[in-house]
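# Examining the three-dimensional arrangement
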Amino acid sequence: QVQVVESGGGLVQPGGSLRLSCAASGSIFTINSMGWYRQAPGNQRELVATITSGGSTNYAEPVKGRFTISRDNAKNTAYLQMNSLKPEDTAVYYCNAEGRMSRTLRSFNSWGQGTQVMVSS
């Protein structure tokens, strides 16, 4: 079993910055991809950014140039640096990890519980 835990959310003023962290733990053989998604009230969950084990990244258009995703493969951890935050970035941010478990090599796709980000003056 693989657990994913997010941290780093909070309240920030428009134009401010936050850094989210996502730690995966458990029976992990390899993590192919880690990603951040967000869900605002009344909206569907949407992609924010993803990163592969090789470091290839993908960003949603609304966050390009403002958010940066990175990861530490040795720590099974991903980060999301969010700069120039806007009120429309307010949402619950979820981390996802996808890979293979140790021993069985079965695939896993795990989600965290989410961390709230609120951008408001």
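Notes on the structure in this doc start here.

Analysis parameters
- Numbers given to residues run from 1 along each chain, matching the order in which its sequence is written.
- The predicted origin of the model limits local features to residues at a pLDDT of at least 70 and limits the giving and counting of side-chain atom pairs to 80 or more, whereas totals for whole chains, interfaces and linings rest on all residues.
- Hydrogens and waters are ignored; side-chain quantities use all the structure's heavy atoms.
- By definition, any uninterrupted DSSP run of H or I lasting at least four residues is a helix, any uninterrupted run of E lasting at least two residues is a strand, and each is numbered from the N terminus.
- With C-alpha atoms as the basis for the radius of gyration, the globule rule is written as 2.2 Å multiplied by the number of residues raised to the power 0.38.
- Burial classes: relative accessible area under 20% of the type maximum marks a residue as buried, over 50% as exposed, and values in between as partly exposed (1.4 Å probe, protein chains only).
- The contact definition used throughout considers only heavy atoms, calling two residues in contact when any of these lie within 4.5 Å.
- Here Asp and Glu are counted as negative and Lys and Arg as positive; His is not counted, and neither are the chain ends.
- For charged residues, the charge sits on one atom: NZ in Lys, CZ in Arg, CG in Asp, CD in Glu.
- The term nonpolar core refers to a set of buried residues drawn from Ala, Val, Leu, Ile, Met, Phe, Trp, Tyr and Cys, joined through side-chain atoms within 4.5 Å.
- Pairing of aromatic rings covers Phe, Tyr and Trp, the last counted by its six-membered ring, and requires centre-to-centre distances within 6.5 Å; plane angles under 30 degrees mean stacked, over 60 mean edge-to-face, and any other angle means tilted.
- We count a charge as sitting over a ring when the NZ of a lysine or the CZ of an arginine lies within 6 Å of the ring centre and within 35 degrees of the ring normal.
- Pairing of N or O atoms within 3.5 Å defines a polar contact, subject to two protein rules: one partner must be a possible hydrogen donor and the other a possible acceptor, and residues neighboring in sequence count only if both atoms are side-chain atoms.
- For two strands to count as paired, DSSP must find a minimum of two bridges between them.
- The convention used is that axes are lines fitted to C-alpha atoms, helices contributing only their stretch in contact, and that angles between N-to-C directions extend from 0 to 180 degrees.

### Comments concerning the overall build of the protein chain
A tally of helices and strands in the protein chain yields zero helices and 11 strands. Order of helices (α) and strands (β) in the protein chain, N terminus to C terminus: β-β-β-β-β-β-β-β-β-β-β. Whereas a compact globule of 121 residues would reach a radius of gyration of roughly 14 Å, the protein chain reaches 14 Å, a difference of no more than 12%. In terms of principal-axis extent, the alpha carbons of the protein chain reach across some 50 × 25 × 20 Å. Counting over 121 residues, the protein chain shows a buried share of 40%. Considering only contacts in the protein chain between residues 6 or more positions apart, those separated by 24 or more positions represent 55%. Here the protein chain holds 11 positive side-chain charges and 7 negative ones, and the gap between their average locations is 7 Å.

### Section: the nonpolar core
In this structure, Met-34, Trp-36, Leu-80, Met-82 and Tyr-93 are the most contacted members of the largest nonpolar core, which totals 31 residues. If one sorts the elements of this core by residue count, strand 9 (residues 91-101) sits on top with five residues.

### Side note on the packing of aromatic side chains
Think of a pair of aromatic rings as described by two things: how far the centres are apart, and how the planes are tilted against each other in angle. Applying the stated criterion across every chain, the model contains one aromatic pair. Its guanidinium or amino end placed over the ring of Tyr-94, Arg-45 lies 3.7 Å from that ring's centre, counting from NZ or CZ. The ring of Trp-111 carries Arg-45 above its face, with NZ or CZ at 4.8 Å from the centroid.

### Digging into the environment of Thr-90
On the secondary structure map, Thr-90 appears in the loop between strand 8 (77-82) and strand 9. Linking Thr-90 and Leu-11, residues 79 residues apart in sequence, is a C-alpha distance of 9.1 Å. In this view, Thr-90 contacts Ala-40, Gln-116, Val-117, Met-118 and Val-119; residues no more than four positions away in its chain are not counted. At 2.9 Å, the side chain of Thr-90 forms a polar contact with the backbone nitrogen of Val-119.

### Examining the sheet that holds strand 3 (residues 18-26)
With antiparallel pairing, the four strands of this open sheet are ordered in space as 1-3-8-7. Edge strands, defined here as strands with exactly one partner in the open sheet, are strand 1 (2-7) and strand 7 (67-72). Between one strand axis and the next, the sheet turns through 15 degrees on average, direction left out of account. Where strand 7 meets strand 8, six bridges bridge the pair, whose relative direction is antiparallel. Across the sheet, residue Asp-72 finds its bridge partner in strand 8, namely Thr-77.

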